[in-house]
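Remarks on the overall topology
Take a look at the letters that make up each chain.
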Amino acid sequence: MAKAELRGRIYEFLDAALRAAGIEPVHRDEFFDLGDGILTLIHPVQEAPKLLLVTHVIPYLNDLLIDYNAGVSCGRKSDYQLRVRVVVHGGEVHYDAHGCFGEALDIAFRLLNAVQVKKTFRSAPGPLVVVASDDFYWSVIRHGGDQPDRRAFQSLVRVRVADRSHNGWVQLPDVTSRKSSSEVNGDPLPWASPDTALHLLSQSA
């Protein structure tokens, strides 16, 4: 079954991308399954700074997706191509007997599901679209040294949460994998392809 295989793959790829960045299970909560997405809450520790999400986790995940999609046979592409929307944000997360909650989560969910993000995703040439919250962009990406390509993020989204306006910065990662010589053309992948939503949220100290 295509959906079951793709669910397994995205869990595998996300775990591999986090570990490749040095973010081990001890640095984060267990993955929260959201049905059509995965929520990852990363703890505020020195070993897992927020910048790693942009400089290591997302690029590595992008490579894994490109290589996986390139290996799908032509007859199975419409069902087995894997595409992902990712949101990165930082903030306070609260817990109770029913799970986690908080305005930081509301902001992340709202940004990822914004109409403009989904519109950009439909026409994206690669398998990954990233949206960073305004706070994450200005406090992490903007001041992250020379590694993050700040020009690759465009302020395309605005949502309202708790009577406040929040901007979102959208990035389309490269469509060519850096970890293999797989060839990927520049045509948008078919919208019929299954997609998954990822929420990478680093909790504030």
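As a reminder, the structure under discussion sits directly above these lines.
The notes below deal with the structure included here.

Next up on the list: unusual backbone geometry. In this model, A162 sits at a positive phi of 55 degrees, which is unusual for a non-glycine residue. On the basis of relative accessible area, A162 is assigned to the exposed category, the value being 54%. Even without a glycine there, the phi angle at D163 is positive, about 65 degrees. Turning to its location among the elements, D163 is positioned in the loop between β7 (154-161) and β8 (164-171).

Turning our eyes to something else, we now look at the side chain of N167. Residue placement: N167 occurs in strand β8. Dropping the residues within four chain positions of it, N167 is found in contact with L111, A132, S133, D134, S155, V157 and R158.

Grouped together as the largest cluster of nonpolar side chains are 39 residues, with contacts concentrated most on I23, L61 and V86. Secondary-structure elements contributing two or more residues to this core are α1 (2-20), β2 (37-42), α2 (51-70), β3 (83-91), β6 (128-133), α6 (134-141) and β9 (195-203). Considering each element in turn, this core owes the most residues, nine residues, to α2. Not counting residues within four places of it along the chain, the set of residues in contact with V86 comprises I58, L61, L112, L128, V129, V130, V131, L198 and L200. Residues A104, F121, V131 and V159 belong to the second largest nonpolar core, which totals 22 residues.

Rules of the game
- Residues numbered from 1 in each chain as written.
- Predicted model: local features only at pLDDT ≥ 70, side-chain atom pairs only at ≥ 80, totals over all residues.
- Heavy atoms only, no water.
- Buried < 20%, exposed > 50% of the residue type's maximum accessible area, 1.4 Å probe, protein only.
- Helix = DSSP H or I, 4+ residues; strand = E, 2+ residues; numbered from the N terminus.
- Contact = heavy atoms within 4.5 Å.
- Core = buried A, V, L, I, M, F, W, Y, C linked by side-chain atoms within 4.5 Å.

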